[in-house]
Every structure is written in structure tokens, then in C-alpha cells.
Amino acid sequence: MKLLLSAVALCCTLALAACFPPATLHPIGGTQTADPLLTGDWHAKMAESDPGQDEANFHFKRQADGSITLEIDAANKKDMDRMTVALTTAQVGANRFANAKLVDAGPGDDTDKGPQRGTMAFLYRQEGATVVIYQMDEDATKAAIKAGKIQGEVEPGQFGDAIITADPAALNAFVASPQGVALFSEKFATLTKTN
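Colleague: What's the story with the overall build of the protein in this structure? I'm lost.
Modeller: The number of helices and strands found in the protein is five helices and eleven strands. Classification of the 195 residues of the protein by burial places 52% in the buried group. Looking at the protein alone, contacts between residues at least 24 apart form 56% of all its contacts between residues at least 6 apart. Total accessible area on the protein is roughly 9,100 Å²; 53% of this is exposed by carbon and sulfur atoms.

Written as C-alpha cells, this is what we have:
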């Protein structure tokens, strides 16, 4: 399988499970800005990928509207797939979040799921010289929705999507709480700046 379909969890989920990872109907954080930390080129070591397909290059490009275009390509230059993601960033409490919308999954994207609903939310932290990105745990997110801890929808079946539908104020209050932050327990990638 191509690097970008296995190295990047959002594409892996799309390609293998035919569903999107947990998402939020509204982006986290209200006013969206382009965090200056996420600029330039980074080497990514993906947490949940097959050996030999666990490295990628992340290219963050700031846009005039305050968003960031993220292009991801294979660290192995023999695999020239590239995917594009539109990002906005926000800080809520002490935590930084990225709201991601898949723009182009690259060649061979044969998913027929339809357009992405909402945005995929990631928490990221600067840890020394690296940036570590965490995604929401799907089972924990579904359990939080079903328990009424946060308003949302869970589609039926093992591969049903989970989307947090809470209004922006409730969403921001939830992700600022310890139980909200705890949903972001799956390490997604560790980034090291290359320039």
C-alpha cells in the first residue's frame, strides 16, 4: 500500500476502514490562526504505520487567510504520492489544537465515502526539538458521546463514524477539561524540523 495511505492515520482510516477518524462538526478554538510553530519542512515518524512506511515529509505553508496548507509526501523518494490537508490551529487553555480537512488524498484515492463532515481534530505539543501530534482515540470518543459527556453522533457498526456536534462554546470547554484532553491519547506522529 502507498505510504500516504498507511503512514497518515486519517488516510489509513479512510482507505482501510472506509470511515473517517473522530471529527468535530465545528473547529476547535473559535478564532483560527496559523501557529508560527507549524511552518516549514519537517520529517515525520508515524506512530501507527508498517515498518518501511512509517516516515513522511510534512510541508507547512501559511496562507494569507490564517490557514495552513499541509502537503505530506513519502520520505522514500521512490514513492511520490502526495496528499494535501487544510489546517487551522487554535490554543484552548494550555493546549494547542489543529483542525484538519482532507483536500486531496493523492493518486489512487478511491474512497467513495463522500465529503468529510466537520474537521479532524489533533492535539500537538512541542517536546524539546520535536512536535508530537496526538489524535482522538476512536473508542474513547464514541464512549464519551454515548455517555453524554459531549454532544455528538455515532454511526452504527464497527466502522461507524464518530462526530462531536457540540456547539463551539461547549466543544471548547470540553477540550479544555481533563476528560476532553484525555480523548487525544493516540500518538499520531513525531515531527523533527528539517528547515
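Colleague: Looking at this model, I keep getting lost on empty space enclosed by the protein. Mind explaining?
Modeller: It is a probe the size of a water molecule, rolled over the atoms, that shows where empty space is left. Using the criterion set out here, one finds four cavities of 30 Å³ or more in the structure. Computed from the structure, the largest cavity encloses a volume of approximately 150 Å³. Lining the largest cavity are 14 residues; nearest its centre among them are F58, L70, L87, F122 and I133. Looking at the lining of the largest cavity, the elements with two or more residues in it are β3 (55-62), β4 (68-74), β5 (82-92), β6 (95-104) and β7 (119-127).

Colleague: Is there a simple way to think about the pairing of strand β11 (residues 186-193) in this case?
Modeller: In this structure, strand β2 (residues 40-46) lies alongside β11, joined through five bridges in antiparallel fashion. Of the residues in β11, the one forming a bridge with M46 is A189. Sheet analysis places strand β8 (residues 130-135) next to β11, joined by six bridges and oriented antiparallel. Within β11, the residue paired with Y134 across the bridge is K187.

Colleague: Looking at this model, I keep getting lost on the pattern of salt bridges. Mind explaining?
Modeller: Close approach of charged atoms allows side chains with opposite charge to pair. Here the structure, examined in full by the defined rule, presents seven salt bridges. With a shortest N-O distance of 2.5 Å, R82 and D73 are connected by a salt bridge. Via salt bridges that share partners, K61, E71, D73 and R82 belong to a single interconnected network.

Colleague: Can you help me understand helix α4 (residues 168-176) in this one?
Modeller: Residues lying three or four places apart along an α-helix face the same way, a consequence of the helix completing one turn every 3.6 residues. If you check which residues of α4 are buried, you get L171, N172, F174 and V175. All buried residues of α4 lie within an arc of 160° about the axis, which places them on one face of the element. Exposed side chains of α4 directed beyond 90 degrees from the buried face belong to A169 and A173. As for α4, its buried residues are in contact with β1 (23-24), β5, β6, β10 (162-164) and α5 (178-182). One side-chain oxygen of the residue at the start of α4 lies 3.1 Å from the amide nitrogen of A169, identifying that residue as D167.

Colleague: How should the side chain of S67 be read in this particular structure?
Modeller: The residue S67 is located in the loop between β3 and β4 in this model. Side chain to side chain, S67 and D65 meet in a polar contact 2.6 Å long. Excluding anything up to four places from it in sequence, S67 contacts A34, K61, R62, L87 and T88.

Colleague: What's the story with the packing of aromatic side chains in this structure? I'm lost.
Modeller: Two numbers describe a pair of aromatic rings. These are the distance of the centres and the angle of the planes. According to the stated counting rule, one finds three aromatic pairs in the structure shown. Aromatic pair F58 and F60: ring centres 6.2 Å apart, planes at 55°, arrangement tilted. The residues F58 and F60 share a single accessibility class, namely buried. Relative to F188, the ring of F122 has its centre 5.0 Å away and its plane inclined at 45°; by these criteria the two rings are tilted. Of this pair, F122 sits in strand β7 while F188 sits in strand β11; the two residues are 66 residues apart in sequence, bridging distant segments of the chain.

Colleague: Is there a simple way to think about the nonpolar core in this case?
Modeller: Soluble globular proteins tend to bury their nonpolar side chains together. Of all hydrophobic cores here, the largest spans 26 residues; its most connected members are F58, F60, V85, L87, I133 and L191. Sorting the residues of this core by element identifies β2, β3, β4, β5, β6, β7, β8 and β11 as the ones contributing at least two each. Filtering out sequence-adjacent residues up to four positions away, V85 remains in contact with I68, T69, L70, I72, A100, K101, L102 and V103. Ranked by size, the runner-up nonpolar core spans 20 residues in total, among them Y134, A144, I150 and V181.

Parameters and conventions
Residues numbered from 1 in each chain as written. Predicted model: local features only at pLDDT ≥ 70, side-chain atom pairs only at ≥ 80, totals over all residues. Heavy atoms only, no water. Helix = DSSP H or I, 4+ residues; strand = E, 2+ residues; numbered from the N terminus. Buried < 20%, exposed > 50% of the residue type's maximum accessible area, 1.4 Å probe, protein only. Contact = heavy atoms within 4.5 Å. Areas by Shrake-Rupley, 256 points an atom, 1.4 Å probe, with all protein chains shown as cover. 1 Å grid on protein atoms, 1.4 Å probe; cavity = no way out; pocket = protein on both sides within 12 Å on 5 of 7 lines; lining within 4 Å. Points joined across faces, edges and corners; volume = space filled by probe spheres on them. Pairing = 2+ DSSP bridges. Salt bridge = Lys/Arg side-chain N within 4 Å of Asp/Glu carboxyl O. Arc of directions from axis to C-beta. Polar contact = N/O pair within 3.5 Å; in protein donor to acceptor, adjacent residues only side chain to side chain. Phe/Tyr/Trp six-rings, centres within 6.5 Å; stacked < 30°, edge-to-face > 60°. Core = buried A, V, L, I, M, F, W, Y, C linked by side-chain atoms within 4.5 Å.

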